[in-house]
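Survey of secondary and tertiary structure
Given next are the chains, with one letter for each unit.
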Number of protein chains: 2
Amino acid sequence: MSSTTQNRGELVTPVTPAVDTEGVSALLERGRMLATPVLRAAVARLAPPMDAVAAYHFGWIDAQGRPSAGDSGKAVRPALALLSAEGAGARAEVGIPGAVAVELVHNFSLLHDDLMDGDEQRRHRDTVWKLYGPAQAILVGDALAALANEVLLELGTVEAGRATRRLTTAVRKLIDGQAQDISYEHRERVTVEECLEMEGNKTGALIAVACSIGAVLGGADDRTADTLERYGYHLGLAFQAIDDLLGIWGDPGATGKQAWSDLRQRKKSLPVVAALAAGGPASEQLAELLSADAQKSDAEFMDFDEAEFATRAAMIERAGGREWTSQEARRQHATAIAALSEVELPARVRGQLAALADFVVVRER
Amino acid sequence: MSSTTQNRGELVTPVTPAVDTEGVSALLERGRMLATPVLRAAVARLAPPMDAVAAYHFGWIDAQGRPSAGDSGKAVRPALALLSAEGAGARAEVGIPGAVAVELVHNFSLLHDDLMDGDEQRRHRDTVWKLYGPAQAILVGDALAALANEVLLELGTVEAGRATRRLTTAVRKLIDGQAQDISYEHRERVTVEECLEMEGNKTGALIAVACSIGAVLGGADDRTADTLERYGYHLGLAFQAIDDLLGIWGDPGATGKQAWSDLRQRKKSLPVVAALAAGGPASEQLAELLSADAQKSDAEFMDFDEAEFATRAAMIERAGGREWTSQEARRQHATAIAALSEVELPARVRGQLAALADFVVVRER
């Protein structure tokens, strides 16, 4: 029985892992240090103006084209890709093209999703479609996805072909997940299972590949790669559960998103879906309110003041959606850790993968 | 000296090739027969509703979801991919995954370009973004691009990796070409060289890969593949020159586009650019008129009646843009044919590739 159906709704003891913050920071920093120059060189291959639009998106330049030390994200994926190479007994550097390819795919999906979702802000700045128009968001997204394949395939090895195939599978799942996400926004009821499937596609699949791609480039067999992907898939679901909590209760100063951002977009994220599935008076009251919200136009919804979103957040919490999602993050974390014991890995690598998993469930941005 | 700079502006004797229509029809039909079932099976892997949206785009179902024997295009690319396999001494069937991958990439670019360009009609029917909304056009386009890699890479061979790498290069050029096309629409003056570069990226690169991909899957070396791509690149430029003529003077009943469609969109296509570069009174008169047009809003432009477009078309013709483009198609055709003599090919395959090139420059849709 997988952890996605296990323990649903029952309270497990929340164990907050004691995170080796320093160790994790060093891992994330190494990922950035090794992957960023190669990522920048890849992006610089794009024809103008796409190179500049992509550089803006990554936070390397500002809207006026001036160099910027912008926030380009947590860089969990590159760190995982390098550890993945070490997991197969190769040097971390062997994972660099994998780290870069995964970052390129991740950012392809951000560019397209922001446009499809109408999101105007990311990492405290205007999104690409908002600043440069929809066509640039489509084009640059397309270009980053193609560049990801190019960076891998120009290695010219059998391993690169296998890595690209795994990455392509993840890209297809990303797209499936976004299609589900969009279709759920128009539906009144989404089950917890549907939500988890969508999040597995949208977030789990690419983090899964980040965890196998370095190993594949380092010559790992399919069984090892599959097990590392299982670790990454559950890590991704833990990551997304935390993201869903931050999307409602996160501190805008830390997340870079508007307060209550997922509620403003009427996202059927895990806390909402779990609260609706919980039953009981608070759950029914929430269902009634959201059902009335669904009748409203986007414009009417935009006019809501902060207090109205705060009311909805409080109802979700009262119906148990916040607690359930928090427990779910810990369940997925535990399943990820368990997968690590099913694969032969150098002890240091196993410890660092576990530490990254711990970090993912306690982060606040 | 390449044919793109050779003979510019001088009149070469227009030689209309005598096309082996029956032979070409059989080749196109074989391409459709062998590739379509595999293409349909690949598209059927997409999650709903993307499978249906893609099936609509390909003309397999209508807007109500009923099976349709719609026009899914000329299918020149699949025919080329199968011939390409035979060119390397392999069976035509070896080229099928290549034919399917190229068709998937071609249709990915149509879906995204129609959205970026705001085109509402394709092949006599509403475009996907018009019927299903922008998000579906983005998603399904992304999915087809990923599927193209999947269809190749799941072969699991070294040749498939090489084929995917060539295809990825073409995808990047397609995107570069679309970026150039968009940027040219906002510029008053575009040189003939810039226009040819854009068309080489937008059309030449993918037809080039259609001509090498089957050979690569059949084990051809890089030199053979490169030469076949050179044939395909010039064939693509000939194809696009004809397309540019049809975009202004084509019969809407045959092309499925509105009359004067490229003029309505203020496209800086070859006839326009060549007419502006020609110099002389007709050219200057055209420049003045187009410069005044550029000041108009899209809405004002939409209000133009047929006669105003007819006037512009006549001025382009008087300035020599129509004749130059027609000659350019023949120059590119001749260069494509010349490339065929630089590669060892079975005599039948060489003859059929030549016949397809002949067909491309005399087609009327």
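Residues numbered from 1 in each chain as written. Chains lettered and ligands numbered in written order. Predicted model: local features only at pLDDT ≥ 70, side-chain atom pairs only at ≥ 80, totals over all residues. Heavy atoms only, no water.

Concerning the overall build of chain A
- Within chain A, the secondary structure is distributed over 17 helices and two strands.
- Taking 365 residues into account, the globule formula puts the C-alpha radius of gyration at 21 Å, and chain A, at 20 Å, falls close to it.
- Taking the principal axes of the C-alpha coordinates as reference, chain A spans close to 60 × 50 × 35 Å.
- Taking all 365 residues of chain A together, 58% fall into the buried category.
- The average position of the 38 basic charges and that of the 52 acidic charges among the side chains of chain A differ by 3 Å. (Helix = DSSP H or I, 4+ residues; strand = E, 2+ residues; numbered from the N terminus. Rg over C-alpha atoms; globule rule 2.2 N^0.38 Å. Buried < 20%, exposed > 50% of the residue type's maximum accessible area, 1.4 Å probe, protein only. Lys, Arg positive; Asp, Glu negative; His and termini not counted. Charge placed at Lys NZ, Arg CZ, Asp CG, Glu CD.)

Focus: the nonpolar core
- Ranked by size, the top nonpolar core spans 171 residues in total, and within it A:L144, A:Y231, B:L144 and B:Y231 carry the most contacts.
- Take this core: its biggest share by element is 13 residues, from helix 6 (residues 134-153) of chain A.
- When residues no more than four places from it in sequence are discounted, the contact partners of A:L144 are A:V43, A:L46, A:A54, A:F58, A:L104, A:N107, A:F108 and A:L111. (Core = buried A, V, L, I, M, F, W, Y, C linked by side-chain atoms within 4.5 Å. Contact = heavy atoms within 4.5 Å.)

Remarks on unusual backbone geometry
- Across the junction of A:P48 and A:P49, the peptide omega takes the value 0 degrees, indicating a cis bond.
- Within the secondary structure layout, A:P49 lies in the loop between helix 1 (21-43) and helix 2 (50-57).
- The phi torsion at B:R123 lies on the positive side, around 50 degrees, for a residue other than glycine.
- Of note, B:H124 is a non-glycine position whose phi angle comes to about 70 degrees, a positive value.

Notes on the interface of chain B and chain A
- Counting from both sides, the interface comprises 31 residues of chain B and, opposite them, 31 residues of chain A.
- Here chain B meets chain A over a buried area of about 2,700 Å², counting both sides, of which 72% is carbon and sulfur.
- Inspection of the region where chain B meets chain A yields two salt bridges.
- Close ionic contact of B:R172 with A:E150 constitutes a salt bridge, the shortest N to O distance being 2.8 Å.
- Across the chain B-chain A interface, the total number found is four residue pairs in polar contact (both at pLDDT 80 or more). (Buried area = accessible area lost by both parts, 1.4 Å probe. Salt bridge = Lys/Arg side-chain N within 4 Å of Asp/Glu carboxyl O. Polar contact = N/O pair within 3.5 Å; in protein donor to acceptor, adjacent residues only side chain to side chain.)

Section: the relation of the copies chain B and chain A
- Rotating chain B by 180 degrees and moving it 0.0 Å along the rotation axis overlays it on chain A with an RMSD of 0.0 Å. Both copies of the chain, as the preceding transformation shows, are related through a two-fold rotation axis. Across chain B, the rotation axis passes nearest the C-alpha of B:G161, at a separation of 2.7 Å.
- Both copies present the same face, since 100% of the interface residues in chain B are matched by interface residues at the equivalent positions in chain A. (Least-squares fit on C-alpha atoms with pLDDT ≥ 70 in both.)

With respect to the pattern of salt bridges
- Counting across every chain of the model gives 48 salt bridges over all chains.
- For the salt bridge of A:D113 with A:K202, the shortest nitrogen-to-oxygen distance reads 3.8 Å. You can see A:D113 sitting in helix 4 (residues 96-117) and its partner A:K202 sitting in helix 8 (residues 192-217), a full 89 residues away along the chain.
- Two residues, B:R230 and B:E342, come together in a salt bridge whose shortest N-O distance is 2.8 Å. Taken as a pair, B:R230 in helix 9 (residues 222-249) and B:E342 in the loop between helix 16 (321-340) and helix 17 (347-362) lie far apart in primary sequence, 112 residues in all.
- Taken together, the salt bridges that share partners define one network made up of A:R162, A:R166, A:D222, A:D226 and A:E229.

Side note on the side chain of A:S283
Residues and elements named next belong to chain A.
- Along the chain, S283 turns up in helix 13 (residues 281-295).
- Among the polar contacts made by the side chain of S283, one reaches the main-chain carbonyl oxygen of L276 at a distance of 3.1 Å.
- Beyond its immediate stretch of four places on either side in the chain, S283 contacts A275, L276, A277, A278 and A319.

Let's talk about the packing of aromatic side chains
- By the definition in use, this model includes 10 aromatic pairs over all chains.
- Judged by centre distance (5.9 Å) and plane angle (70 degrees), the rings of B:F301 and B:F309 are edge-to-face. When sorted by exposure, B:F301 lands in the same class as B:F309, which is buried.
- Put simply, the rings of A:F301, A:F304 and A:F309 pair up and form one aromatic cluster.
- Looking at B:R266, its charged tip hangs above the ring of B:F301, at a distance of 4.1 Å from the centre.
- Taking NZ or CZ as reference, B:R331 lies 5.0 Å from the ring centre of B:W324, over its face. (Phe/Tyr/Trp six-rings, centres within 6.5 Å; stacked < 30°, edge-to-face > 60°. Lys NZ or Arg CZ within 6 Å of the ring centre and 35° of its normal.)

Focus on helix 4 of chain A
All names here are of chain A.
- Counted at 1.5 Å a residue, the expected span for helix 4 with its 22 residues is 32 Å, and the 31 Å between its end C-alpha atoms agrees.
- Most of helix 4 is tucked away, with 21 of its 22 residues classed as buried.
- After helix 4 finishes, the residue G118 shows a positive phi value of roughly 70 degrees. (Expected span 1.5 Å × (residues − 1).)

Looking at helix 7 (residues 158-185) of chain A
- Compared with the 40 Å implied by 1.5 Å per residue over 28 residues, the 41 Å span of helix 7 of chain A between its first and last C-alpha is a close match.
- When you tally the buried positions in helix 7 of chain A, you get 20 out of 28 residues, the bulk of the element.

A short note on the packing of helix 9 of chain B against helix 16 of chain B
Residue and element names in this part refer to chain B.
- At a minimum axis separation of 8 Å, helix 9 and helix 16 run at an interaxial angle of 160 degrees. Judged by the inter-axis angle, helix 9 sits roughly antiparallel to helix 16. Crossing hand, helix 9 versus helix 16: left-handed. Within the contact between the two elements, helix 9 uses T227, R230, Y231, H234, L235, L237, A238, A241, I242, L245 and W249 and helix 16 uses R322, T325, S326, A329, Q332, H333, T335, A336, A339 and L340.
- Considered class by class, the residues forming the contact of helix 9 with helix 16 number 12 nonpolar, seven polar and two charged. (Axes fitted to C-alpha atoms, helices over the stretch in contact; angles between N-to-C directions. Parallel < 35°, antiparallel > 145°, perpendicular 65-115°, else oblique. Left-handed = near helix turned anticlockwise from the far one by under 90°. Nonpolar A, V, L, I, M, F, W, Y, C, P; charged D, E, K, R; others polar.)

Some words on the confidence of the model for chain A
- Per-residue pLDDT for chain A has a mean of 91; in total, 95% of the residues score no lower than 70.
- Low confidence marks residues 1-14 of chain A, where pLDDT is under 50. Its contacts with residues over four positions away, or in another chain, come to 25 contacts. (pLDDT = per-residue confidence, 0-100.)

Remarks on the packing of helix 4 (residues 96-117) of chain B against helix 7 (residues 158-185) of chain B
Residue and element names in this part refer to chain B.
- The N-to-C vectors of helix 4 and helix 7 enclose an angle of 20 degrees; their axes lie 11 Å apart at closest approach. In terms of orientation, helix 4 and helix 7 fall into the roughly parallel class. For the pair helix 4 and helix 7, the sense of crossing is right-handed. Mapping the contact onto sequence places A101, V102, V105, F108, S109, D113, M116 and D117 in helix 4 and L167, V171, L174, Q178 and I182 in helix 7.
- Residue composition of the contact of helix 4 with helix 7, grouped by class: nine nonpolar, two polar and two charged.

Quick word on the environment of B:G87
Residue and element names in this part refer to chain B.
- With respect to the helices and strands, the residue G87 is situated in helix 3 (residues 76-87).
- When its relative accessible area of 9% is taken as the criterion, G87 is described as buried.
- For the pair G87 and H106, spaced 19 residues apart in the sequence, the C-alpha separation amounts to 22 Å.
- For G87, the contacting residues outside a window of four places in its chain are E344, L345, P346 and V349.

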